[in-house]
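Report on the structure
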Amino acid sequence: MEHPEKQRRRIDERGFTLIELLVVMVILGLLAALVGPQLFGKVGKGKQSAARTQIEMIGQALDSYRLDTGRYPTTSEGLAALNTNPGVAGWDGPYLKKGVPNDPWLRPYLYQSPGSHGDYDLTSYGADGSPGGEGENKDINSWE
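Everything in this summary refers to the structure shown in the same document.

What counts, and at which threshold
Numbering of residues begins from 1 in every chain and follows the order in which that chain's sequence is written. pLDDT decides what is reported in this predicted model: residues at 70 or higher carry local features, side-chain atom pairs at 80 or more are listed and counted, and totals for whole chains, interfaces and linings draw on all residues regardless. For side-chain calculations, the full set of non-hydrogen atoms in the structure is used, while hydrogens and water are omitted. To qualify as a helix, a DSSP run of H or I must reach at least 4 residues; to qualify as a strand, a run of E must reach at least 2; elements of each kind are numbered from the N terminus. Type-normalised accessible area, obtained with a 1.4 Å probe on protein chains alone, sets the label of each residue: buried when under 20%, exposed when over 50%, and partly exposed for intermediate values. Only heavy atoms matter for contacts: two residues are in contact if any of them lie within 4.5 Å across the pair. Only the protein chains shown count as cover for residues, and all accessible areas are computed by the Shrake-Rupley method using a 1.4 Å probe. A cavity here means a set of 1 Å grid points, computed over protein atoms only, where a 1.4 Å probe fits but cannot escape. A pocket is an open set with protein on both sides within 12 Å along at least 5 of 7 lines, and lining residues have an atom within 4 Å of a point. Grid points are joined across faces, edges and corners, and a volume is the space filled by probe spheres set on the points. Under this grouping Gly is polar, as are all residues other than the nonpolar Ala, Val, Leu, Ile, Met, Phe, Trp, Tyr, Cys and Pro and the charged Asp, Glu, Lys and Arg. By convention a nonpolar core is built from buried Ala, Val, Leu, Ile, Met, Phe, Trp, Tyr and Cys residues, the set being connected through side-chain atoms within 4.5 Å. In the sections that follow, a salt bridge refers to a side-chain nitrogen of Lys or Arg positioned within 4 Å of a carboxyl oxygen of Asp or Glu. Two strands form a pair only when DSSP identifies at least two bridges running between them. For Phe, Tyr and Trp, where Trp contributes only its six-membered ring, two rings pair if their centres lie within 6.5 Å, and the inter-plane angle classes them as stacked under 30 degrees, edge-to-face over 60, or tilted in between.

**Some words on the overall build of the chain**
In terms of regular secondary structure, the chain is built from 2 helices and 3 strands. Ordered by position in the sequence, the α and β elements of the chain form the string α-α-β-β-β. By residue count, 27% of the 144 residues in the chain fall in the buried class. Summarising the internal contacts of the chain: among those between residues at least 6 apart in sequence, 38% fall at separations of at least 24. When the accessible surface of the chain is totalled, it reaches about 10100 Å², and 58% of it is carbon and sulfur.

**Quick word on the side chain of Thr 69**
Structurally, the position occupied by Thr 69 is in helix α2 (residues 18-69). With relative accessibility at 17%, the residue Thr 69 sits in the buried group. Setting aside its immediate chain neighbours within four residues, Thr 69 contacts Val 88, Ala 89, Gly 90 and Trp 91.

**Quick word on the layout of surface pockets**
Approximately 220 Å³ is the volume attributed to the largest pocket. Lining the largest pocket are 13 residues, and of these Arg 52, Ile 55, Asn 141, Ser 142 and Glu 144 lie nearest its centre. At the level of elements, α2 and β3 (140-141) are the ones that each hand at least two residues to the lining of the largest pocket. A breakdown of the residues in the lining of the largest pocket according to their chemical character gives 3 nonpolar, 4 polar and 6 charged.

**Some points on the environment of Gly 118**
Along the chain, Gly 118 turns up in the loop between β1 (110-112) and β2 (121-124). Sequence separation between Gly 118 and Ser 142 is 24 residues; the distance between their C-alpha atoms is 9.3 Å.

**Considerations on the nonpolar core**
Ranked by size, the top nonpolar core spans 20 residues in total, and within it Leu 62, Leu 79, Leu 82 and Leu 122 carry the most contacts. Each residue touching Leu 82, except ones within four places of it in the same chain, is listed here: Ile 58, Ala 61, Leu 62, Tyr 65, Trp 91, Pro 94, Tyr 95 and Leu 96.

**So, the pattern of salt bridges**
Counting across every chain of the model gives 1 salt bridge. Close ionic contact of Glu 77 with Arg 71 constitutes a salt bridge, the shortest N to O distance being 2.9 Å. Using a relative accessible area of 28% as the deciding quantity, one classes Arg 71 as partly exposed.

**Points about the pairing of β2**
In β2, alternate side chains face the same way, and those of Asp 121 and Thr 123 on one face and Leu 122 and Ser 124 on the other are all buried. Both β1 and β2 contribute to a ladder of 3 bridges, which runs antiparallel. When the sheet's bridge partners are listed, Tyr 111 is paired in β2 with Leu 122. Pairing of β2 with β3 involves 2 bridges; the strand directions are antiparallel. Following the sheet pairing, Ser 124 is matched in β3 by Ile 140.

**Here we look at the sheet that holds β1**
Overall, antiparallel pairing links the 3 strands, which are arranged β1-β2-β3 in an open sheet. Two strands lie at the open edges of the sheet, namely β1 and β3, each paired on one side alone.

**A closer look at the packing of aromatic side chains**
Scanning the model with the defined rule gives 4 aromatic pairs in all. A ring pair is formed by Tyr 65 and Tyr 95, whose centres lie 5.7 Å apart and whose planes are at 65 degrees; its orientation type is edge-to-face. Here Tyr 95 lies in the loop between α2 and β1 and Tyr 65 lies in helix α2, a separation of 30 residues in the sequence. Judged by its relative accessible area of 0%, Tyr 65 falls in the buried class. Using a relative accessible area of 15% as the deciding quantity, one classes Tyr 95 as buried. Joined through ring pairs, the aromatic side chains of Tyr 65, Trp 91 and Tyr 95 make up one cluster.

From the geometry alone we can't say anything about function, so treat these as descriptive.
Below, the structure written as structure tokens:
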């Protein structure tokens, strides 16, 4: 038969104490509180960068449309004219392989032709979905 003190030591060595677990959880919570906000900021910047890239891609498709037809799609024809012929002579599309994407916040891009800033204006209103804003809510425009 084992000595009772040896048996008690084995029981004590089997796992972590409640205090040890709490200390580890507090440390993990502090790390998450410090690192989390920095990561969320980068997600917003990534979406803005994706919107700029998509606007550039749609702009290239609009330029190809113009080369073939002699004009940009009208506001009423919209960006759908890049994938479906609206009855325009010379149309040689589709000009986008996968259709017209929504912006990274899952809203359609706003298209106007003729635009206030050029032959066409292409805009995403950012995270808040309304004109203006700063940071992640800032508008992304084709003319900037």
